[in-house]
Amino acid sequence: MGPLLVLDPIRGVVPTYDLPMIYSGRQVITLGKDRFLCGKAMIYKPICDGDIGSVSSLEIQDVKRIFEMQTVTLCADGQDFPAFRI
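Residues numbered from 1 in each chain as written. Predicted model: local features only at pLDDT ≥ 70, side-chain atom pairs only at ≥ 80, totals over all residues. Heavy atoms only, no water.

Caption draft 1: Seen up close, the sheet that holds strand β8 (residues 71-76). Read from one edge of the open sheet, four strands run β3-β4-β9-β8, paired in antiparallel fashion. The open sheet has two edge strands with one neighbour each: β3 (28-31) and β8. For this sheet, the mean inter-axis angle between neighbouring strands, taken without regard to orientation, is 45°. (Pairing = 2+ DSSP bridges. Helix = DSSP H or I, 4+ residues; strand = E, 2+ residues; numbered from the N terminus. Axes fitted to C-alpha atoms, helices over the stretch in contact; angles between N-to-C directions.)

Caption draft 2: Local environment of the sheet that holds strand β2 (residues 20-24). A sheet is described by the order of its strands in space; here three strands give the open sequence β1-β2-β5, paired in antiparallel fashion. Two strands lie at the open edges of the sheet, namely β1 (9-13) and β5 (41-43), each paired on one side alone. Across the sheet, the mean angle from the axis of one strand to that of its neighbour is 25°, orientation sign disregarded.

Caption draft 3: Region of the structure containing the packing of aromatic side chains. Enumeration according to the criterion identifies one aromatic pair in this entry. Pairing F67 with F84 gives two aromatic rings, centres 3.9 Å apart and planes at 10°, and the pair type is stacked. Of the two residues, F67 sits in helix α1 (residues 57-70) while F84 sits in strand β9 (residues 79-85), which places them 17 residues apart along the sequence. Residue classification places F84 among the buried residues on the basis of a relative accessible area of 4%. (Phe/Tyr/Trp six-rings, centres within 6.5 Å; stacked < 30°, edge-to-face > 60°. Buried < 20%, exposed > 50% of the residue type's maximum accessible area, 1.4 Å probe, protein only.)

Caption draft 4: A look at the nonpolar core. Membership of the largest hydrophobic core is limited to nine residues, which are V14, L19, M21, Y23, V28, L37, V63, I66 and F84. Where this core is concerned, the elements lending two or more residues are β2 and α1. If we skip the residues at most four places from it in the chain, V63 touches V14, Y17, L19 and I43. (Core = buried A, V, L, I, M, F, W, Y, C linked by side-chain atoms within 4.5 Å. Contact = heavy atoms within 4.5 Å.)

Shown next, in the form of structure tokens:
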């Protein structure tokens, strides 16, 4: 798997968790007041001086559980696809 290329980067935070994430604004769908991410996100752990540290396996499990709870199925043009509520 190659590096994650993020076009129109947006910084956010994993809902209910204190880890920042970066994702592409081109992969966000707004429906009413709700926003959904329909693509990849990079989750990271900031440390001092702007460096990025490692995310622990426990944190990865927690974020995965949160993503699963926040994932819905949207439909467009007769196609169903998963989207993460941001």
